[in-house]
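An overview of the molecular structure
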Amino acid sequence: MQRRILGTAAAGLLVSAVATWLWGSGPNADAWLAFCWRAGTLSAVAWLAYEDVQRLPGWLLVAAPLVLIVLIRWPKLLLPLVPLLIVCEVLRRAFRR
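The model shown is predicted, which means the values in this text are computed figures rather than measured ones.

This part takes up the pattern of salt bridges. Per the counting criterion, the structure on display carries three salt bridges. As a salt-bridge pair, Arg-92 and Glu-89 come within 2.9 Å of each other at their nearest N and O atoms. Taken together, the residues span about one helical turn, with Arg-92 and Glu-89 both in helix 5 (residues 78-96) at a distance of three residues. A residue is classified by how much of its surface remains accessible, and Arg-92, at 35% relative accessible area, is partly exposed. Classification of Glu-89 by relative accessible area gives buried; the value is 9%. Two residues, Arg-93 and Glu-89, come together in a salt bridge whose shortest N-O distance is 2.7 Å.

If you want it as C-alpha cells, here you go:
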C-alpha cells in the first residue's frame, strides 16, 4: 500500500512540476517548481527502492541519518564513527544469540 502511495505522489508531483514549468507564473511559481521537482524525484527514488529498503536492518535506518549529520557538521569525526558502528553491530549480534 505505501509503495502505491509513493508512486502516486511521485507522479503527481512530477506532473505538477511540468505543468508549473509550462504555464506557471506568479510570485511563488519558482519556489513551487523547485519543490515539485525535488519532492517528486525523491518520491520516485523511494518508490523504486521500496523493496530493498524493507530488507535493511533497523539499526542501519537509524545510523545512516546520524552518520550524515556527523559528516556534514564534523567531517573529521567520521573515521572513528565507522569502526564504532561496526563494533555496535557485532555486540548486538553477540547479545542476540
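A word on the packing of helix 1 (residues 2-23) against helix 2 (residues 29-48). Interaxial distance between helix 1 and helix 2 falls to 8 Å at its minimum, and their mutual angle equals 150 degrees. Accordingly, the angle class assigned to the pair helix 1 and helix 2 is roughly antiparallel. For the pair helix 1 and helix 2, the sense of crossing is left-handed. Considering only residue class, the contact of helix 1 with helix 2 consists of 18 nonpolar, six polar and one charged.

In this section: a nonpolar patch on the surface. Among the surface-exposed residues, Val-18, Trp-21, Leu-22, Trp-23 and Trp-37 lie close enough to one another that they form a single nonpolar patch of about 630 Å² accessible area. The dominant element in the nonpolar patch, judged by the number of residues it contributes, is helix 1, at four residues. Looking at where Trp-23 falls in the secondary structure, it is placed in helix 1.

Cut-offs used in this document
- Residues numbered from 1 in each chain as written.
- Predicted model: local features only at pLDDT ≥ 70, side-chain atom pairs only at ≥ 80, totals over all residues.
- Heavy atoms only, no water.
- Salt bridge = Lys/Arg side-chain N within 4 Å of Asp/Glu carboxyl O.
- Helix = DSSP H or I, 4+ residues; strand = E, 2+ residues; numbered from the N terminus.
- Buried < 20%, exposed > 50% of the residue type's maximum accessible area, 1.4 Å probe, protein only.
- Axes fitted to C-alpha atoms, helices over the stretch in contact; angles between N-to-C directions.
- Parallel < 35°, antiparallel > 145°, perpendicular 65-115°, else oblique.
- Left-handed = near helix turned anticlockwise from the far one by under 90°.
- Nonpolar A, V, L, I, M, F, W, Y, C, P; charged D, E, K, R; others polar.
- Patch = residues over 30% accessible without salt bridge, like charges linked within 9 Å, V, L, I, M, F, W, Y side chains within 5 Å.
- Areas by Shrake-Rupley, 256 points an atom, 1.4 Å probe, with all protein chains shown as cover.

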